[in-house]
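In case you want the letters, here they are:
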Amino acid sequence: MEAVRPVPGSGAGKPGWQSRVVRVTPLSGSAYEVELERPAGFHFAAGQHLRLFVGDDGRDYSLASPPSAETLRLLVRRIEGGAVSPALVGLPPGAPLSFSGPHGVFALRPSARAVILAATGVGIAPFLSMARAGASGFTLLHGVRAADELFYRRELEPAAARYVPCLSRQSSPGCFSGRLTAWAGAELAAGTARDFYLCGNRRMVRDLTLLADERFPGSRVYTEIFF
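Residues numbered from 1 in each chain as written. Predicted model: local features only at pLDDT ≥ 70, side-chain atom pairs only at ≥ 80, totals over all residues. Heavy atoms only, no water.

## Overview of the side chain of Ser 98
- Looking at where Ser 98 falls in the secondary structure, it is placed in strand E6 (residues 96-103).
- Not counting residues up to four positions away in its chain, the partners in contact with Ser 98 are Pro 15, Trp 17, Gln 18, Arg 51, Leu 52 and Phe 53. (Helix = DSSP H or I, 4+ residues; strand = E, 2+ residues; numbered from the N terminus. Contact = heavy atoms within 4.5 Å.)

This is the structure:
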């Protein structure tokens, strides 16, 4: 697997870059892809995130684009009553936006170990960026509520040695019926140390961290909590 170094960015508390909306594309009933113009001189590593500002309010969103892309793509969950996401997904093309970044160190490390990526919902974004940057051969677990939330499955599945879609509120052919953590608890037998990259719901991150400690002693666990 390709490993990259995080790129230093601007301060998290203030916008350092100016951009405009290219388009906003619905992905499901509550999730959207927001595509932005990429400012000249902006660099990032796969797995890093931006802090987008709407007025004085800022929220962090992981980049789904590869570092070579001409535009910046983000996966955004619309939160009813949220300070940023409802306004963000309603912006028209050409609307100005400011952001800071890149931020974070959630990037693939050089390793000879087997790699397990696990995401819930739009937490798939950094793994999409990694796959688009050339990463492959990993096990990818994606936990969502329904099949229409398996964003970019057709793109991610070929890059993974094993792709496991988990549906917590629906049954669908080829998918595990239940939470991602239920699949991992039943199917990940104890073995040698691995590298775990966990992104999304804090409960999932906690449970898989405990599982890694119990069944794969000496493993490395890297986390990015979305909510």
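Next comes the rest of the account.
## Things to note about the domain arrangement of the chain
- Taken domain by domain, the chain consists of domain 1 (17-103) and domain 2 (114-225).
- Counting residues at the interface gives 19 residues for domain 1, matched by 16 residues for domain 2.
- Here domain 1 packs against domain 2, burying approximately 1300 Å² in sum over the two surfaces, 59% of which is carbon and sulfur.
- Its largest share of buried area at the contact with domain 2, domain 1 owes to Ala 64, Leu 75 and Arg 77, together 36% of the area lost on that side.
- Counting across the interface, domain 1 meets domain 2 through 1 salt bridge.
- Across the pair Arg 77 and Glu 149 runs a salt bridge whose closest N-O atoms are separated by 3.3 Å.
- The interface formed by domain 1 and domain 2 contains 5 residue pairs in polar contact (both at pLDDT 80 or more).
- Listing elements by their share of the side of domain 1 that touches domain 2, those giving two or more residues are strand E2 (31-37) and strand E5 (71-77).
- Broken down by element, the side of domain 1 that touches domain 2 gets its largest block of residues, 4 residues, from E5. (Domains from an automatic or database assignment. Buried area = accessible area lost by both parts, 1.4 Å probe. Salt bridge = Lys/Arg side-chain N within 4 Å of Asp/Glu carboxyl O. Polar contact = N/O pair within 3.5 Å; in protein donor to acceptor, adjacent residues only side chain to side chain.)

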